[in-house]
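Now for the letters of each chain:
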Amino acid sequence: MTSTTSRTARRGDRRRTRTIDPVTFEILRNSFSNAVELMAQQFRLTCHSFVIYAKDFSCSLADAEGNPVAQGDQDIAVHIGTHHLVCRSVIDAFAGDIHPGDVFVTNDPYSGGTHFNDVRVLRPIFVEGELIAWAMANGHWSDVGGLVPGSFDVKAREHFGEGLRIPPIRVWSAGELHDDIAAFIVGNTRAPQDNLSDLHAQAEATRVCEREVLRLVGRYGRDVVTAAFGAVIDHASSLLRARVAALPDGTWTAVDYLDGNPALGEGLVPVQVTLTIDGDRLRYDLNGSGPAVSTFMNSTYGATLSGLLAGTKHFFPDVPVNAGLYRAIEVDLGPEGTVVNAAWPTAVSGFVSGVFEKVVNALFELWSQIIPARAMSCSFNLEYLLIGGRDMRSPEQPIFMWYDWMVGGWGGRNGRDGATAASPLFGAGFASQPVEGQERLNPIITSHHRIVPDSGGPGRFRGGCGVEKGGQLSDSAATVMSYCCDRERSVPWGLEGGLPSSPQGLRLNPEAADERYLGAIFSNEEVIAGDRFSRASAGGGGYGDPLDRSADAVLDDVIDGYVTPARAAKDYGVVVMQVQELPPLWEVDDAATEQLRGRIRLERHGWLDMDAFAIARRYRDGDLDALDCLRQYGVVLDWGTGELLPRTTQQMRDLLRRRAAQHWRRSAEEAS
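Calculation criteria
Residues numbered from 1 in each chain as written. Predicted model: local features only at pLDDT ≥ 70, side-chain atom pairs only at ≥ 80, totals over all residues. Heavy atoms only, no water. Phe/Tyr/Trp six-rings, centres within 6.5 Å; stacked < 30°, edge-to-face > 60°. Helix = DSSP H or I, 4+ residues; strand = E, 2+ residues; numbered from the N terminus. Buried < 20%, exposed > 50% of the residue type's maximum accessible area, 1.4 Å probe, protein only. Lys NZ or Arg CZ within 6 Å of the ring centre and 35° of its normal. Domains from an automatic or database assignment. Patch = residues over 30% accessible without salt bridge, like charges linked within 9 Å, V, L, I, M, F, W, Y side chains within 5 Å. Areas by Shrake-Rupley, 256 points an atom, 1.4 Å probe, with all protein chains shown as cover. Salt bridge = Lys/Arg side-chain N within 4 Å of Asp/Glu carboxyl O. Lys, Arg positive; Asp, Glu negative; His and termini not counted. Charge placed at Lys NZ, Arg CZ, Asp CG, Glu CD. Pairing = 2+ DSSP bridges. Axes fitted to C-alpha atoms, helices over the stretch in contact; angles between N-to-C directions. Contact = heavy atoms within 4.5 Å. Expected span 1.5 Å × (residues − 1). Polar contact = N/O pair within 3.5 Å; in protein donor to acceptor, adjacent residues only side chain to side chain. Parallel < 35°, antiparallel > 145°, perpendicular 65-115°, else oblique. Left-handed = near helix turned anticlockwise from the far one by under 90°. Nonpolar A, V, L, I, M, F, W, Y, C, P; charged D, E, K, R; others polar.

A.B. asks: Looking at this structure, how should I read the packing of aromatic side chains?
C.D. replies: For any pair of aromatic rings, the description rests on two quantities: the centre-to-centre distance and the angle between the ring planes. In the structure shown here, the tally under the stated rule is 21 aromatic pairs. Ring geometry for phenylalanine 315 and phenylalanine 364: centres 6.1 Å apart, planes at 65 degrees, overall edge-to-face. You can see phenylalanine 315 sitting in helix α8 (residues 301-315) and its partner phenylalanine 364 sitting in helix α10 (residues 355-370), a full 49 residues away along the chain. For the pair shown, phenylalanine 315 and phenylalanine 364 are each scored as buried. Grouped by ring-pair contacts, the aromatic residues Phe152, Phe296, Tyr384, Tyr403, Trp405 and Phe426 constitute a single cluster. Over the ring of tyrosine 53 we find arginine 44; its NZ or CZ atom is 4.2 Å from the centre of that ring.

Put into structure tokens, the structure is as follows:
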């Protein structure tokens, strides 16, 4: 078994003998966090990329050995398990040759990073010639080269088509910029001036952190500050171990899925996580996950570790995110070559919509069994839409890159509905990009951005709703579109009897004669000025039996526009009638609701056994919609052609039987 403990402590895990009094400990612990927050603020206010300004970045402070001491409160969650690995890759590459004023750059996912767009800038911090700490500013550059604008090539099998790979490299030496190296890096991207400006912003941000650390050293002394580094890390480790020790011992297994592996035909690809508690020891085992897929949705060690840490943190919100969190968790990802442990040169840039959020949601299911008070169903999946080409509004016809993501629905919780139109699990601090800024920078007009009724998974506690966003290309040329999504087939699921939410996917020129459904994952699709597009994010899965949701709550959902009257009846068994048009007035038909709910309770357990091919025909004939197929019959189709996906449907039905139908049977028995 490979553990994060052994990786993190392999340099000796030196214990400081100096003790820190409680008051000084609290002051320095918060001062370290403040240093990181000041670094993040500096980065955001001086960056040039709209993507980074929308908070696709993270910052951290680490000790001399690369062990993170503090990370940003609003950092992208997908980065939290990578900072120590990236820092150590720089330390290993330049062992014995690190000096004051040096600044290093890397984006290598195979050395602990995430994907090539995440460019890390690291500054060593010295006191009287001794290296005591590292400051890191990590930002997502909107393009790092590769085949397609935005560097998200869905069809990439190896990383060579995904953009420039930057191994650890020194870009500033003793405070002097190597202009040739910087020019080489940004010259291999489609936005060289933006990226060069971001590079400087990142370097200056790390200088802010350095300034704050040196200020603390000047006040408390080097020995006290470095001892506090170790004390802060030990505190987090001890806190998590104490929380784990208070829980029952045992082993639990959960699985979530990627939509598929094109090389093997249709069928969901498992991301399996086994959790074991043994005293104060917490172990994760990902053996049983599928082999690497033939798209770029695979994940490297660091990115998968981030998923495990982010999922764990949700259930232990008071535990700080630093090296102590890593040390308290053991991880076995299994052999290299799987979808969760991809090795060079496997394509990995799409892990953000692939493995990462599947790992997090699998942990939601696992921990929901152990700490039911914080239980939550599956949440919507991060998605990226990238459109790049020539901006014809300017005489220079510069390259533009419209780089967009959406909010969506989080899973229903034990005792509360899921959040609607919320940031993805990828990062709670992720900001929804202002449409006005996007339109100023790119020849794309946003046509609508609205909450999607019925997208939240039905349950006693409803999943949050997703949103739909559409747009149209204006003055553009030589333009292509790429989409990185998932959850078109592995639709966000419910727990404890809750139902799935809704599939994700994109339509080109919707409701027109040339409408095309492009699905949830494609790249390099040619588009022209005047083309329109629309895509919807999924909602979260429902929690608990939807027939146990109060009729008044369903009525409120109808009034608020979260649920339509038709689906109130189909999904909740609640008959809602409009009794007045203006002003609109709705009420529940109690007698009809009682009768409908009784019929659904007795019949629904047989719906998952109905002929799937017949259900597919009814969908193609217009008798059923996608939500009928998924929620009532567990049938998954190619949502463009209506053709049945037999293997995927069987997997979906198995999941529904385990997560929902067994609770339906219990409900029916109790009702009788």
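A.B. asks: Help me out: how do you make sense of the domain arrangement of the protein in this one?
C.D. replies: By a widespread convention, an interface's size corresponds to the accessible area lost as its parts come together. Entries for the protein in the domain assignment read domain 1 (6-240), domain 2 (376-544), domain 3 (545-591) and domain 4 (608-672). The gap between the C-alpha centroids of domain 1 and domain 4 is 47 Å.

A.B. asks: It is not clear to me how a negative patch on the surface should be interpreted in this structure. Could you clarify?
C.D. replies: Negative charge collects at one region of the surface, where Asp552, Asp556, Asp560, Glu587, Asp589, Asp590 and Glu594 lie side by side. Every element with two or more residues in the negative patch is listed here: α12 (551-560) and α14 (590-603). In terms of residue count, α12 provides more of the negative patch than any other element does, 3 residues in total. Since its relative accessible area comes to 64%, glutamate 594 is described here as exposed.

A.B. asks: Help me understand the pattern of salt bridges, please; the structure alone is not making it clear to me.
C.D. replies: For side chains bearing opposite charge, pairing can occur when the charged atoms are close. As enumerated under the stated definition, the model contains 38 salt bridges in all. Between arginine 281 and glutamate 330 there is a salt bridge, with its nearest N and O atoms 3.2 Å apart. Taken together, the residues span a long stretch of sequence, with arginine 281 in strand β10 (residues 281-285) and glutamate 330 in strand β11 (residues 329-332) at a distance of 49 residues. Residue classification places glutamate 330 among the buried residues on the basis of a relative accessible area of 16%. The shortest N-O distance in the salt bridge between arginine 599 and glutamate 603 comes to 3.1 Å. Pair noted here: arginine 599 and glutamate 603 are both in helix α14, with a separation of 4 residues, about one helical turn. Several salt bridges share partner residues, and in doing so they unite Arg567, Lys570, Asp571, Asp625, Asp628 and Arg631 into one network.

A.B. asks: When you look at unusual backbone geometry in this model, what are you seeing that I'm missing?
C.D. replies: When glycine is set aside, most residues are seen to have a negative phi, and most peptide bonds are trans. The amide bond that connects tryptophan 344 to the next residue, proline 345, takes the cis arrangement and shows omega of 0 degrees. Examined against the element boundaries, proline 345 turns out to sit in the loop between β11 and α10. In this structure, proline 583 follows leucine 582 across a cis peptide bond, with omega equal to -15 degrees. Position of proline 583 relative to the elements: it lies in the loop between β21 (576-580) and β22 (585-588). Not every positive phi belongs to a glycine, and glutamate 128 is a case in point at roughly 50 degrees. On the secondary structure map, glutamate 128 appears in the loop between β4 (118-127) and β5 (130-140). Of the residues examined, glutamate 128 reaches a relative accessible area of 73% and is grouped as exposed. Positive phi outside glycine occurs at glutamine 397, with the angle close to 50 degrees. Within the secondary structure, glutamine 397 sits in the loop between β12 (384-391) and β13 (399-405).

A.B. asks: What am I meant to see in the sheet that holds strand β9 (residues 266-278) here?
C.D. replies: Backbone hydrogen bonds are what pair the strands of a sheet, in a parallel or an antiparallel way. Taken in spatial order, the 4 strands line up as β8-β9-β10-β11 in an open sheet, and their pairing is mixed. For this open sheet the edge positions go to β8 (250-260) and β11, each flanked by a neighbour on one side alone. Going from strand to strand, the sheet's axes swing by 20 degrees on average, the running direction of each strand aside. For β10 and β11, the ladder comprises 4 bridges, and the chain directions are parallel. Counterpart to leucine 282 in the pairing with β11 is isoleucine 329. Sheet strands in contact with α8 are β9, β10 and β11, and its direction is about 140 degrees off that of β11.

A.B. asks: Sorry, what's going on with helix α2 (residues 22-46) here?
C.D. replies: It helps to recall that an α-helix has 3.6 residues per turn; residues three or four apart then point in one direction. Counted at 1.5 Å a residue, the expected span for α2 with its 25 residues is 36 Å, and the 36 Å between its end C-alpha atoms agrees. The set of residues buried in α2 consists of Thr24, Phe25, Leu28, Ser31, Phe32, Ala35, Val36, Met39, Ala40 and Phe43. Its buried side turned inward, α2 meets α3 (50-53), β1 (57-63), β2 (68-71), β5, α6 (192-220) and α7 (222-245). Put simply, aspartate 21 is the residue that caps the front of α2, since its side-chain oxygen is 3.1 Å from the backbone nitrogen of valine 23.

A.B. asks: Where do I start with the side chain of serine 299 in this structure?
C.D. replies: Tracing the chain through its elements places serine 299 in the loop between β10 and α8. A distance of 2.8 Å separates polar atoms of two side chains, one belonging to serine 299 and the other to threonine 304. Beyond its immediate stretch of four places on either side in the chain, serine 299 contacts Thr304, Val339, Val340, Asn341, Ala342, Val348, Phe351 and Val355.

A.B. asks: I tried to follow the environment of aspartate 417 on my own but got confused; where do I start?
C.D. replies: Among the structural elements, aspartate 417 can be located in the loop between β13 and α11 (435-441). Owing to a relative accessible area of 21%, aspartate 417 belongs among the partly exposed residues under this scheme. Spatially, the C-alpha atoms of aspartate 417 and glycine 540 are 9.4 Å apart, while their sequence positions differ by 123 residues. For aspartate 417, the residues in contact, after removing those within four places along its chain, are Gly412, Phe461, Arg462 and Arg549. Separated by 2.8 Å, the side chain of aspartate 417 and the backbone nitrogen of arginine 462 make a polar contact.

A.B. asks: What is the right way to look at α8 in this model?
C.D. replies: Taking 1.5 Å per residue as the helical rise, α8 with its 15 residues ought to reach 21 Å, and the 22 Å between its terminal C-alpha atoms agrees with that figure. In terms of burial, α8 is largely enclosed, as 13 of its 15 residues are buried.

A.B. asks: Any chance you could explain the sheet that holds strand β16 (residues 476-484) here in plain terms?
C.D. replies: Reading across the sheet, the 4 strands line up as β13-β12-β16-β19 and stay open at both edges, with antiparallel pairing between neighbours. At either margin of the open sheet sits one strand with a lone partner, and together these are β13 and β19 (521-527). Ignoring which end each strand starts from, the neighbouring axes of this sheet average 15 degrees apart. Pairing geometry for β12 and β13, over 7 bridges, is antiparallel. Directly across from tyrosine 384, in β13, lies its bridge partner tryptophan 405.

A.B. asks: Can you help me understand a nonpolar patch on the surface in this one?
C.D. replies: The grouping of Met577, Val579 and Leu585 at the surface amounts to a nonpolar patch, some 260 Å² of accessible area in total. Tracing the chain through its elements places leucine 585 in strand β22. Here leucine 585 falls in the partly exposed class, since its relative accessible area comes to 42%.

A.B. asks: What am I meant to see in the packing of helix α15 (residues 612-620) against helix α16 (residues 626-633) here?
C.D. replies: Two quantities define a packed helix pair, namely the angle between the helix axes and the distance between the axes. One can describe the packing of α15 onto α16 by two numbers: an axis separation of 9 Å at closest approach and a directional angle of 155 degrees. Our classification of the angle between α15 and α16 gives roughly antiparallel. In terms of crossing hand, the pair formed by α15 and α16 is right-handed. Here Ile615, Arg618 and Tyr619 of α15 come into contact with α16, specifically with Ala626, Cys629 and Tyr633. Of the residues contributing to the contact of α15 with α16, the split by class is 5 nonpolar, no polar and 1 charged.

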